[in-house]
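What follows is the residue order along each chain.
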Amino acid sequence: KKLKSLDTEQFCKLLELTGYLPDLYAHDGSEETLYSKFVEVVVCEWAHRVGFEESFLPSQKSGTEDIAIMDKDNVIVADAKSFRLSRSQAAPNPKDVIKVDDYKNWIKKYDDKIKLGGLATFPQLHEWKKSSKVHMDLTNKDNKIVWFYYGHLSAVLKFQISKSKIINFYNSYSEMFPKQIAPKDNPKDKYLLMLKNYIFNDHIEEYEKYMNSLNQVNALIKKMALEKIEEEINNVQKEIFETIHSFEDMDKLKKYVINLQKKESTKELQRLRENVIKFR
């Protein structure tokens, strides 16, 4: 309800910031699950605003798409990606981004619709600097998977790109990509150029200016993430300082520090022990 109440400008601002899991959320915790669901709802709301009025989130989560984007005639199966800025890789593992066979399986069940293909929505700060296997997969006319940054979703609304433009982009794959482009031939730049020239062809100058402006937004996202982490470090340091200074008995203080050091120094060993007990 809150998302539907936002006007186009507000919703576009939200899209620009979407896809970055807060770094302080626990891994595989309830907050992470809720954030991932939130991103899916945002993409579904985007689809409704574009004109895919029958779009929905499947209730079955295992072995199905995140969002079924559809109107009365067409269907697109979508996977909404979100990542922490603090993940160790410079870019995600390709297997974490696009599993090409999944899209084929997801769309099989929609026999009453025209099966346009897949859609992967992606946070731009996690993009590879050079082409990867993922970008090659985007140029496969036999298993069409379109790749949109969340900034692209925003641009579609901002420039009032019609639903038919997106549908025709799928339908033009054989013409645009007669054969898959290998990573050595730079499919990333070729795909993004094709996307720009086809979907945003009536707004090229405005589009380029807008996408460049998102570099500042991304810099702000990074700055804010670092500030939150630094704030949490300071909070922990303050708590430690206050705890240590609360001890009046030196022996109790020593015992506390020893237990603390033991816990920290054996943390990895404790994890190994728990896994042996749990999984074997």
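Read on for a plain summary of the structure. Keep in mind that what you see is a predicted model, and the values were worked out from it rather than measured.

Cut-offs and rules
Residues numbered from 1 in each chain as written. Predicted model: local features only at pLDDT ≥ 70, side-chain atom pairs only at ≥ 80, totals over all residues. Heavy atoms only, no water. Helix = DSSP H or I, 4+ residues; strand = E, 2+ residues; numbered from the N terminus. Expected span 1.5 Å × (residues − 1). Buried < 20%, exposed > 50% of the residue type's maximum accessible area, 1.4 Å probe, protein only. Contact = heavy atoms within 4.5 Å. Pairing = 2+ DSSP bridges. Axes fitted to C-alpha atoms, helices over the stretch in contact; angles between N-to-C directions. Parallel < 35°, antiparallel > 145°, perpendicular 65-115°, else oblique. Left-handed = near helix turned anticlockwise from the far one by under 90°. Nonpolar A, V, L, I, M, F, W, Y, C, P; charged D, E, K, R; others polar. Arc of directions from axis to C-beta.

It helps to recall that an α-helix has 3.6 residues per turn; residues three or four apart then point in one direction. In a regular helix each residue adds 1.5 Å, so 13 residues correspond to 18 Å; helix α13 (residues 267-279) covers 18 Å between its end C-alpha atoms and thus fits that length. Burial of α13 is sparse: only 0 of the 13 residues sit out of reach of the surface.

The subject of this paragraph is the environment of G19. Along the chain, G19 falls in the loop between α2 (8-17) and β1 (20-21). Here G19 is in contact with Y35, V39, K81, S82, F83, P123 and Y150, once residues within four sequence places are set aside.

By the alternation rule, side chains of strand β2 (residues 67-70) split into I67 and I69 and A68 and M70, which are all buried. Looking at chain direction, β2 and strand β3 (residues 74-80) are connected through 4 bridges and run antiparallel. In the sheet register, I67 faces β3, and the bridge partner there is A78. Once β2 ends, the chain turns through 3 residues before running back antiparallel as β3.

On to the packing of helix α8 (residues 163-171) against helix α10 (residues 187-199). Contact geometry of α8 with α10 gives a least axis separation of 10 Å together with a crossing angle of 135°. Taken together, the axis directions place α8 and α10 in an arrangement best described as oblique. As α8 packs across α10, the resulting crossing turns out to be right-handed. Note on element contacts: α10 touches α8 through Y191, M194, L195, Y198 and I199, opposite K165, N168 and F169. For the contact of α8 with α10, the per-class residue count stands at 6 nonpolar, 1 polar and 1 charged.

This part covers helix α5 (residues 100-107). Restricting attention to buried positions, one finds in α5 the residues Y103, W106 and I107. One side of α5 holds all its buried residues, which, seen down the axis, span an arc of 85°. Those residues of α5 that are buried are in contact with β3, α4 (94-97), β5 (114-122) and β6 (145-149).

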